[in-house]
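Spelled out, the chains give:
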Amino acid sequence: MPAGTVSLHGAFVLQHRDELCGLMRNTEELEKREHPLERLMAISDATDGLEVTTTGVHLAQRIGHALEAAYDGELKIHYNDEEYFVDVHWQRD
């Protein structure tokens, strides 16, 4: 079961898919230093972007902040109070 999802949407995502995947993989490597069990589970193509699942909330949150820092865009993070889960949405057109 994933503990985090990251949804990337917009024309920018479709045009820069490989670059964004590289940023997410690099972010995973940095996060593993502090939280060794945090991993990317999957990166999947979506209709207008990418869907990413992670094993932990820290990595999903860190990916969202890395995307915003590197490429601006609009970032929304929603924590589920009842479960150990975070839903991150990032968009740039």
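Read on for a plain summary of the structure. Because the structure is a prediction, the values reported are computed rather than measured.

1. Digging into helix α3 (residues 57-71)
Residues spaced three or four apart along an α-helix point in a common direction, a consequence of the helix completing one turn every 3.6 residues.
And step 1. With 15 residues, α3 ought to run about 21 Å at 1.5 Å a step, and its terminal C-alpha atoms sit 21 Å apart, in line with that.
And step 2. Every buried residue belonging to α3 is among Val 57, Leu 59, Ala 60, Ile 63, Gly 64, Ala 66, Leu 67 and Tyr 71, and all of these are buried.
And step 3. Positioned one or two residues after α3, Asp 72 has a phi angle of 60°, which is positive.

2. Re the side chain of Thr 27
And step 1. Examined against the element boundaries, Thr 27 turns out to sit in helix α2 (residues 17-34).
And step 2. Look past the residues within four positions of Thr 27 in its chain and what remains in contact with it is Leu 59, Arg 62, Ile 63 and Ala 66.

3. Topic: the pattern of salt bridges
And step 1. Throughout the structure, instances matching the rule amount to 6 salt bridges.
And step 2. Across the pair Arg 62 and Glu 34 runs a salt bridge, and its minimum N-O distance is 3.6 Å. In this pair, Arg 62 is assigned in helix α3 and Glu 34 in helix α2, connecting sequence segments 28 residues apart.
And step 3. For Arg 62, a relative accessible area of 27% gives the class partly exposed.
And step 4. With its nearest N and O atoms 3.3 Å apart, the salt bridge here joins Glu 74 to Lys 76.
And step 5. A cluster of three or more residues bridged by salt bridges with shared partners is formed by Arg 17, Asp 18 and Asp 45.

4. Concerning the packing of aromatic side chains
And step 1. In the structure shown here, the tally under the stated rule is 3 aromatic pairs.
And step 2. Ring geometry for Phe 12 and Tyr 71: centres 5.3 Å apart, planes at 55°, overall tilted. Here Tyr 71 lies in helix α3 and Phe 12 lies in helix α1 (residues 11-15), a separation of 59 residues in the sequence.
And step 3. Tyr 71 sits in the buried class, given a relative accessible area of 12%.
And step 4. Through pairs of rings, three or more aromatic residues link up here, namely Phe 12, Tyr 71 and Trp 90.
And step 5. Directly above the aromatic system of Phe 12 lies the positively charged group of Arg 92, at a separation of 4.0 Å from the ring centroid.

5. Describing the pairing of strand β4 (residues 74-80)
And step 1. As paired strands, β4 and strand β5 (residues 85-91) are joined by 7 bridges and run antiparallel to one another. Each bridged residue has a counterpart across the sheet, and for Lys 76 the counterpart in β5 is His 89.
And step 2. If you look at the hairpin formed by β4 and β5, you'll find 4 residues sitting between the two strands.

So, how was this worked out
Each chain carries its own residue numbering, running from 1 in the written order of its sequence. Under the rules for a predicted model, residues below a pLDDT of 70 receive no local features and side-chain atom pairs below 80 are neither given nor counted, while totals for whole chains, interfaces and linings still include all residues. Water and hydrogen atoms were dropped before computing side-chain values, which therefore reflect all heavy atoms in the structure. In DSSP terms, a helix is any run of H or I states spanning at least four residues, a strand is any run of E spanning at least two, and both are numbered starting from the N terminus. Here a helix's expected span is defined as the number of its residues, less one, multiplied by 1.5 Å. Each residue's exposure class comes from its accessible area (1.4 Å probe, protein chains only) as a fraction of the maximum for that residue type: buried when under 20%, exposed when over 50%, partly exposed otherwise. By definition in these notes, contact holds between two residues if any of their heavy atoms fall within 4.5 Å. Put simply, a salt bridge is a Lys or Arg side-chain nitrogen that is within 4 Å of an Asp or Glu carboxyl oxygen. A pair of aromatic rings is counted whenever rings of Phe, Tyr or Trp (Trp by its six-membered ring) have centres within 6.5 Å, and the orientation is called stacked for planes under 30 degrees apart, edge-to-face for over 60 and tilted otherwise. Think of it as a cone above the ring: NZ of Lys or CZ of Arg counts as a charge over the ring if it is within 6 Å of the ring centre and within 35 degrees of the ring normal. Between any two strands, at least two bridges found by DSSP are needed for them to pair.

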